[in-house]
Amino acid sequence: MPQAQDPIARNALPWSTMLANLQINSQRLWDSLIDTAKFGGTEKGGIKRLALSDEDKQVRDWFKAQCEALGCTVAADEVGNMFATRPGRDNTLPPIAMGSHLDTQPTGGKFDGVLGVLAALEVMRTLHEQDYETNAPIEIVNWTNEEGSRFPPAMLASGVFAGVFPPQYAYERADREGITFLQELERIGYRGPIRAGDHKLSAMFELHIEQGPILEDEKKMIGVVTGVQGMRWYEITIKGQDAHTGATPMHLRKNALVGAARIIDAVDAIGLRHQPGVATVGLIENKPNSRNVVPGEVFLTVDLRHPDENALDEMETELRSALAQTIPALTLTYDEKKIWSSSAVKFAPELIECVRAATTKSGFDSRDMVSGAGHDAAYVARVAPTTMIFVPCEGGLSHNEAESTSHEECAAGAQVLLDAVLAYDQTLRGDAPR
Ligand code: HGY
Ligand code: MN
Ligand code: MN
C-alpha cells in the first residue's frame, strides 16, 4: 500500500481529470462568518477572542456542535488543538486536514484565522450533503493560540503538535496578568487526551486572508502560497530610575522611556534597511506610567521578519548593537532575550500543484507568494505536507477591527480549498477520476 507521503506512489493522472464538481454554498459560509463574529464581537465590528478566553470557549463549543451535526468525531489534544474528522473509504490513511485558528488579536477582525476554519466547515458541509466519499478521512483543525497575543509566542499549539515546543512549555506560558495557558485550557474544558503530535496527518491545507495589499493591488483572487518568511521575537527591559519630573535636572535623569524611544526608532531603521524584511516594536509597558514621574523601567517587544535567514541574522545583530551603543550612554541598563524564532518555510510542491489546479479549474487569477504573516501551517509543514491558499483583504488591512474581505473572495477561497483537498485525496490511492 503506497505511503500517503510517498510522492512516487501518488497517482500522476492529469489534474483536470481529478477535480470533482462539487460547489460550496457561499451564502452559508458567509452567514457562518457573520454569525460567529458575535463570539467576542466588538463595538467597532471586530472580534476580541483571545486564546482560551470565555469567547474562545463559546466559538469552540459552537464549532464542535456544527461538526458533530455532520457526523464528524471531534477530539482535542493536550494543548487544546481540535480535530473534527469525517471518515473516508480507507481510514488507515491519516486524514487530509484543513486548518487554521479561531482565536484573534485583542482588536482582531472577522476573517484572520476564522475564514480558514469556517471555509473548512463549509467544505465538510458540502461533502456531507453531497454524500461524497473521499479516499482518506477529511479533517478540520482549530489550532490553539495561533496569535500568541495573550500567550506568546505565536503558533504555540501547532508548534507543540510539530514537536517544536514540549507541552509543558505551553502550559507555563503566562499572560500579562500572570494567568497560565494550562489554567485557562483546563478552565474552558479543552485539555484533551491526545498526546500532541500522536495524531498524524496526510496533509494540511490552510486558507487565510493575505493580511497584506498585494492580491488586491494586482487584482488577483487567489494567492498560491509557496512558503512563510522567518520570524523572531525579542523581549527587552530597560531600567533607569523613577524620579520627580519637577525636581530632577535633565542631566541627572535615568529616563528609561527615552532609551525605549531611541530603540523604537532604531528598530524602525533596521526594517527600512532590510526590506522586504520588517521590524516592529508592538508592545510597550512604561513604569510607573505617571505623568509626574521620570519613568524608571520600560518593557518592550521586538518582532523581526525576513524571507532570508541570513538577513534575519544581520537584523538581529543590528538590534543588539543598537542596544549596546544606546542604552548605557543614557546611564541606563537593559536585559534582552530572544523568546521565539520560526525559520523560513517552503511548502510542499505536490500540494501547491493541487492549489494551482483547483485555481485553474475555477478560472481565478492567481499569483505565487510568500506569506509575510506567520501561520500554523509554518509549523505543521515540519511534520506533514502542507500549503496555504490566500484570498485578498480590503486595503490589505488585518490585525485591525476594520479587517474586511468580500463574500465573493471568501467563496473563491473555499471553492479552491475544496477542489485542492479532493485533488490531493485522489492522488493518495490512485483512484480513477470520479
Ligand atoms: O504574528 C503573526 O504573523 C500571526 O498573525 N500570528
Ligand atoms: Mn492568522
Ligand atoms: Mn493574526
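Everything that follows concerns the structure shown earlier in this document.
Residues numbered from 1 in each chain as written. Chains lettered and ligands numbered in written order. Predicted model: local features only at pLDDT ≥ 70, side-chain atom pairs only at ≥ 80, totals over all residues. Heavy atoms only, no water.

**Student:** What should I look at first to understand the overall build of the chain in this one?
**Tutor:** Within the chain one finds 12 helices and 15 strands. Here the C-alpha radius of gyration of the chain, 23 Å, is about what a compact globule of 434 residues would show, namely 22 Å. Dimensions of the chain along its principal axes, counting C-alpha atoms only, are 80 × 45 × 40 Å. Within the chain, residue pairs in contact and separated by at least 24 positions form 80% of the contacts whose partners lie at least 6 positions apart. Accessible surface for the chain amounts to roughly 17300 Å². Of this, 50% is attributable to carbon and sulfur atoms. Taking the 41 positively charged and 60 negatively charged side chains of the chain as two groups, their mean positions are separated by 3 Å. (Helix = DSSP H or I, 4+ residues; strand = E, 2+ residues; numbered from the N terminus. Rg over C-alpha atoms; globule rule 2.2 N^0.38 Å. Contact = heavy atoms within 4.5 Å. Areas by Shrake-Rupley, 256 points an atom, 1.4 Å probe, with all protein chains shown as cover. Lys, Arg positive; Asp, Glu negative; His and termini not counted. Charge placed at Lys NZ, Arg CZ, Asp CG, Glu CD.)

**Student:** Which parts of the structure should I look at to understand a nonpolar patch on the surface?
**Tutor:** Together, Leu257, Ile264 and Ile284 line one region of the surface with nonpolar side chains, adding up to about 210 Å² of accessible area. Topologically, Leu257 is positioned in helix α8 (residues 256-273). (Patch = residues over 30% accessible without salt bridge, like charges linked within 9 Å, V, L, I, M, F, W, Y side chains within 5 Å. Salt bridge = Lys/Arg side-chain N within 4 Å of Asp/Glu carboxyl O.)

**Student:** I keep staring at the coordination of the manganese ion (ligand 3) and nothing clicks. Help me out?
**Tutor:** Geometrically, a metal with four donors at the corners of a regular tetrahedron has ideal angles of 109.5 degrees, and one with six donors at the corners of a regular octahedron has ideal angles of 90 or 180 degrees. Here the manganese ion (ligand 3) is held by Asp112 (OD), Glu147 (OE), Glu147 (OE) and His399 (NE2), and the distances to it run 2.2 to 2.5 Å. Read N to C, the donor residues that coordinate the manganese ion (ligand 3) are spaced as D-x34-E-x251-H. Between the manganese ion (ligand 3) and the manganese ion (ligand 2), the interatomic distance is 3.5 Å, and Asp112 donates to each metal, bridging them. Placement of Asp112 in the loop between β3 (96-100) and α3 (114-129) and of His399 in the loop between β15 (386-391) and α12 (407-429) is noted, with a sequence separation of 287 residues between them. Overall, Asp112 belongs to the buried group, its relative accessible area being 5%. (Donors = N, O, S within 2.8 Å, 3.2 Å for Na, K, Ca; no water. Buried < 20%, exposed > 50% of the residue type's maximum accessible area, 1.4 Å probe, protein only.)

**Student:** Just checking my understanding: could you explain the nonpolar core for this structure?
**Tutor:** Across soluble globular proteins, nonpolar side chains show a tendency to be buried alongside one another. In this structure, Phe63, Ile96, Ile140, Phe181, Phe205, Trp340 and Leu417 are the most contacted members of the largest nonpolar core, which totals 105 residues. For this core, the leading source of residues is α12, giving 13 residues. Other than its neighbours up to four places away in sequence, Ile96 contacts Ala136, Pro137, Ile138, Glu139, Ser202, Ala203, Phe205, Val421, Tyr424, Asp425 and Leu428. With 21 residues, the next largest nonpolar core counts Ile238, Ala256, Ile263 and Val302 among its residues. (Core = buried A, V, L, I, M, F, W, Y, C linked by side-chain atoms within 4.5 Å.)

**Student:** Just to check I follow, could you spell out the pattern of salt bridges for this structure?
**Tutor:** Charged atoms that come close allow side chains of opposite charge to pair. Counting across every chain of the model gives 27 salt bridges. The salt bridge partner of Arg273 is Glu318, with a shortest N-O separation of 2.7 Å. In this pair, Arg273 is assigned in helix α8 and Glu318 in helix α9 (residues 309-326), connecting sequence segments 45 residues apart. Residue classification places Glu318 among the partly exposed residues on the basis of a relative accessible area of 22%. The closest approach of N and O atoms between Arg356 and Asp368, which form a salt bridge, is 2.7 Å. Taken together, the residues span a long stretch of sequence, with Arg356 in helix α10 (residues 349-362) and Asp368 in strand β14 (residues 366-371) at a distance of 12 residues.

**Student:** How should the side chain of Thr144 be read in this particular structure?
**Tutor:** Along the chain, the position of Thr144 falls in the loop between β4 (138-142) and α4 (156-161). With relative accessibility at 1%, the residue Thr144 sits in the buried group. Reaching out from Thr144, the side chain makes a polar contact with the backbone oxygen of Val79 at a distance of 3.0 Å. With near-sequence residues (within four places) excluded, Thr144 lies in contact with Leu52, Arg60, Val79, Gly80, Asn81, Ala157 and Phe181. (Polar contact = N/O pair within 3.5 Å; in protein donor to acceptor, adjacent residues only side chain to side chain.)

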